[in-house]
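Residues per chain are reported as follows:
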Amino acid sequence: MSTGAIGYAPGHTLPLRVEIIRQFKRRRTLIMFGLLMALPWILVIAFQFGPGNNNNQNSLRLSDLATAGGLNFAAFALSVSASFLLVVAVALFCGDTVASEANWSSLRYLLAAPIPRDRLLRQKLIVALGYSAAAVTVVPLMALLAGTIVFGWNDITVPGTGEIIPAGDVLPKFAIVIGYAMVSNLVVAAVAFLLSVSTDSPLGAVGGAVGLVIVSSILQAVEALGGLREFLPTFWNTAWLDALAPVPDYSGMIKGVAVALTYAAILIAFAFRRFRRKDVVS
Amino acid sequence: MTAVIALAVLAVAAITWTVWPSEPPPRGQDLTIDVLDGPANDQRVTIDATFFAPASGGKAPAVLLGHGFGGSKSSVRDQAQRLAQHGYAVLTWSARGFGRSTGEIALNSPDYEVKDVQQLVDWLATRPEVRLDAAGDPRVGMAGGSYGGAIALMTAAYDTRIDAIAPQITWHDLADALFPNATGQGPATGVFKKMWAGIFFSAGGNRLAGLSGGASGGLAGLTGGTGTGGSGGAGGLGGTSTSGTGTPGTGTSGTSTPGTSTSGTGTPGTSTSGTGTSGASTPGSGAGETGTGAGSTGASPAPTNAPDISGTPETSGSERPAAMGLTPQQVQCGRFMPTICDIYQEIAEKGQATPQAIDLLRRSSPVSVPGKIRIPSLIIQGQRDSLFPLSHADANARAIAATGAPVEVAWINGGHDGGDSEGDWVFDRTAAWFDTWLKDSATPGNPAAAAYQQTAGQNPAPTAGQNADQTAGKSAATAVPGGAAFTVSRDGGRDPGTRRNTIVHAEGSRYSGLSGTAQTAVTLTGPAQEVANPPGGSPAAISSIPGFGSLLGNSSTGVSAALDLPGQSATFESAPLRAPLHLTGSPTATIRVYGTGQVTLFAKLYDATTGQLAVLPGNLTAPLRVNATPSGTTATIALPAVDRRFDTGRTLRLVLATTDMAYSTPATPAVYQVELASPDLVVPTDGELSAPATGPAWWTWAMPLSALVVAIVLVLVGRVRRADTTQDPELADVPLQITGLTKRYRNGEKAVDDLSFRVERGQVLGLLGPNGAGKTTTMRMLMGLIHPDAGEIKIFGSKVVPGAPVLSRLGSFVEGPGFLPHLSGRDNLELYWRATGRPPADAHLDEALEIAGLGNAVDRAVRTYSQGMRQRLAIAQAMLGLPDLLVLDEPTNGLDPPQIAEMRKVLRSYAAKDRTVIVSSHLLGEVEQTCSHAVVMHRGRLISNGPVAELLSRGHLNGSTRLEDVFLDLIGEQV
């Protein structure tokens, strides 16, 4: 293959490190991570200042148990951020990645470099998913840190039943929870990514993905749909709570993973297919 | 976008499929059937019924569907419709004394209700839709809950034409149900279940019509319809009683023989009621009325001024006022038969059973007909039922199994105390039961049924001495394929999707009875304890609240509000369990009571642990009465039959209380001492019961896998062929050759039309043309950004496709700069070069930056740059790596004159080193001064191609050597 310039090899184009740096120095990346890391501390402060919350142990809601210890606090922080904040973060990282390049016109120079289109997309997807995973991880980890410092390293109190599980037993489950939160956000990531290769407007891609989540959540509230709701992309988003039960039940999480992988695989395949054939005119 | 549209279409299709209206259920045909009953078969009653023809058409087996106490035929309408759709002829009726049927409530007495139903069977035998076993003997099954279940059992005992039954939550011995005694000494010494008895009897009158509708009408729904409706107690606004405003007189349609008054018109089930106010119409006049009525009204439902149900029926024959006043008797007894009413008043007053009461109640109970029910029976009982606890189902099952008939037993979650009535499951199970025993048994798929029915005729009932357990086991062996002999509904945990509790059905091949397949002895400890009976029996402990059982919470969720009062209860507790213990059946304990006289106690077995409320499984208690002596009386208690898993670390706590709100207790204050006669609590277990393994739903693995396959296909099918990218050796030294290049806009207009030209090394080529000539489109195709519709571009002999490696020899600047605004100019160039993956040394970054001439600004973020600065930086980026072919689109836009001059120099010297530069411009002077060659385009077409000097020489044609004139000339020729 001597048709290219000396030293050019398609497999070496756009190394992950380069893409990571390109994305990391962006203001929105830094602000998003700053926000995600600050959230647990904001929550801690909110709990400290809460008026007259003398922590009645009779109430067994997740929010009431948040101050029971670092692990409880981390679970609480994840539950309040998973439904929207993390969705926005994931949509941002995955929806912005290609669309913003098109918006800056830098996409055509990367393609003419040339970076093969599949490779460009693959590298960008890996980096975007990596940032998304980091976003999903940073909230519970920072919450664990903040909660442990402020509320102590205590065993976890299970919401609903009030049972106590030793902290040591819960840590591996916590890894599962974080892993599940990542997988369940895969649908958002895939939708955002597909929109990202389809539009030159980063905001459109991010907003579209978030909009889909909102529509899915609304449909989820329609009881008449019955079993069909199980196939909505957001239906199993809170299934990770089952992993923290005294007797963990993974069936919901398995279904959630199945649904997420299904949507993600097809949407990402469409993204590749679409980008490969696209006329880049921006 | 296609993906989104495809998803949307799929979603809409799925929703449409879900909400598409299904076939309407059969409406049923309302009719009345006249029957004669009473000990002497001389009492005329009009039964209000609805017949549902089988949806499948043709001749089908029939099902008689009875309603619960306080309900009417409309309570079971939903199930009837479902059964009819399932292929059965279904007859629902309001039992005598209920709904619009006349007559008085006789509690499923063999003389009254049973005779009524036998005549309904007669009627069924006349229907063309009903399959017959013999003349006058239809193929018929019976189902129903509670009161409707008991009539199924009783009719089966008295009428051999019934072929299969599926009674639910009903009694074996009504006397024992109302006067239970856990010591096994029978109802004569039993403890009066006053609250349930009160509700039961008031449901028969009008006084508490609303409540009765709630308690029993709701329970009638157990046979189906409402799905997972929660409480039997709270819901029943569907009570059917209406207030008594009409004329109390009912015109009875009398015919001399029982049956429908269809004579004359031939329309089935027609009957009308005369509206005469004469309370007691004679049979003769009734018949006359019927004749005219049938002729005039046809098959219509009862008119609105039909017999009012509040009126006491006619059978008494006494003159009554036509106005709405009620006699004290009516107020007191409602629609109960006076004899029953009297007996009830007596026992309710005393709180003790009388021999007549026991006789009367037992005559209405299957206990009075041992060995007479010999047909396949599916016995369904509720685990949350303090009215008819599981022991009644057990007794029924044993009695029927002892005859050799197939019996299956199911303990569902809900009962008269609420819980989940599992309507859908019960319906499916019942329908499957009838499918097996009522539909064609000669088919090969149903050998068990065929075998049974062949032998059923000759096979006499086993002798009474035969062990019922054994028989049950034997019959279970011949039980229906697809149904388990013993099914227990257990807590299946929370559904992860709906966050609601689910029920799993543990199944066993054999009904183990209340003593289980094995027994475990659990040691209880506790000192002898003094318990007091409070004066007046108040305050009282709470186990269940009849009719409102669901108020106390569902024990399957671990929440229970059972309450014992200090000083009134003795507690004996086991050590924390070392291994889980699954209790299935009725545990037994032996106690000793010291004192004098009759002692009433309530035994309860809690699932307890420290720090949490103890759970009383099923909210059930076992009342007992012992004759205490100062030297101590020993009693063995059968604790309530339940199915409950006691987890490791839990304790079994036996509590003996002196009071219970739901029962009648002595008013006299007294103190007794209670101790354990034996420390062993015998806990029956049934290890055979197991819930079918519920692996992950099939789609959890199938869906991602198929999605993966689809994804791979999607990606592979769209793959770009690589074959064409090989280098053409003849053109290896030609920087650019364009052949027949064509590109259409979306609207079909050609942006580039059959463009062909060739560029040699060392040339500086000007691509010249007015705006819209197709210059930029050509350059984009050159970069592999857009796909040509026809023709090809070859750079150094290699065809340009998206991402073709040869593009690495091309440096480009097209349609403005493209930088990451948050990075500095230097970072942009550096990262761009790193993105190409080529060695850093090949970049010649410093030379490029020199050309850009940005000075210190090169380390500022690009977003702070002016247009010109970006332009220069972009040209520098294009020159990174010193590509052999440099393509610049309007490079001098936004540059000031000195920079333009500098740029010209740069480009010329760049080409001088055997490299090639293509510059597009609409500025003619620019091209004239910079380029060696020029290609002129207009409207996508090539107009002129050649050295600039040659182009200028064409100016001689019109006397000008200025490129502008030549250009205008060229365009003008074309226009």
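Residues numbered from 1 in each chain as written. Chains lettered and ligands numbered in written order. Predicted model: local features only at pLDDT ≥ 70, side-chain atom pairs only at ≥ 80, totals over all residues. Heavy atoms only, no water.

It is worth spelling out the packing of aromatic side chains at this point. Inspection of every chain in the model, using the stated rule, returns 21 aromatic pairs over all chains. Ring plane angle 85° and centroid distance 5.0 Å describe the contact between A:Phe235 and A:Trp236, whose orientation is recorded as edge-to-face. A:Phe235 gets classed as buried once you look at its relative accessible area, which sits at 8%. One aromatic cluster is present, built from ring pairs that chain together B:Phe69, B:Phe98, B:Tyr147, B:Trp171, B:Phe336 and B:Phe388. Taking NZ or CZ as reference, A:Arg117 lies 5.8 Å from the ring centre of A:Phe275, over its face. (Phe/Tyr/Trp six-rings, centres within 6.5 Å; stacked < 30°, edge-to-face > 60°. Buried < 20%, exposed > 50% of the residue type's maximum accessible area, 1.4 Å probe, protein only. Lys NZ or Arg CZ within 6 Å of the ring centre and 35° of its normal.)

What follows covers the environment of B:Pro167. All names here are of chain B. Within the secondary structure layout, Pro 167 lies in strand E8 (residues 162-168). Between the alpha carbons of Pro 167 and Thr 430 there is a distance of 9.1 Å; along the sequence they are 263 residues apart. Every residue in contact with Pro 167, bar those within four places of it in the chain, is listed here: Gly 144, Gly 149, Leu 153, Leu 378, Ile 379 and Ile 380. (Helix = DSSP H or I, 4+ residues; strand = E, 2+ residues; numbered from the N terminus. Contact = heavy atoms within 4.5 Å.)

Quick look at the confidence of the model for chain B now. Across chain B, the average pLDDT comes to 78, with 77% of residues at or above 70. Here residues 442-447 of chain B is modelled with pLDDT under 50, and outside its nearest four sequence neighbours on either side it reaches four contacts, counting other chains as well. (pLDDT = per-residue confidence, 0-100.)

So, on to the packing of helix H2 (residues 27-49) of chain A against helix H4 (residues 85-104) of chain A. Residues and elements named next belong to chain A. In contact at an axis separation of 11 Å, H2 and H4 are set at 160° when each is read in the N-to-C sense. The angle between H2 and H4 places the two elements in the roughly antiparallel class. Pair H2 / H4 crosses with left-handed handedness. Listed contacts from H4 to Arg 28, Thr 29, Met 32, Phe 33, Leu 35, Leu 36 and Leu 39 of H2 are Leu 85, Leu 86, Val 88, Ala 89, Leu 92, Phe 93 and Asp 96. Residue composition of the contact of H2 with H4, grouped by class: eleven nonpolar, one polar and two charged. (Axes fitted to C-alpha atoms, helices over the stretch in contact; angles between N-to-C directions. Parallel < 35°, antiparallel > 145°, perpendicular 65-115°, else oblique. Left-handed = near helix turned anticlockwise from the far one by under 90°. Nonpolar A, V, L, I, M, F, W, Y, C, P; charged D, E, K, R; others polar.)

Residue and element names in this part refer to chain A. As annotated by UniProt and renumbered to match this structure, "transmembrane region" (unreviewed entry) occupies residues 30-50, 70-94, 125-154, 174-195, 202-222 and 250-272. Annotated as residues 70-94, this span is 92% helix and 0% strand, and its ends, taken at the C-alpha atoms, are 30 Å apart. Each end of residues 125-154 is marked by a C-alpha atom, and these two atoms are 38 Å apart; helix forms 90% of the span and strand 0%. (UniProt positions renumbered as here; feature names shortened; annotations may be inferred.)

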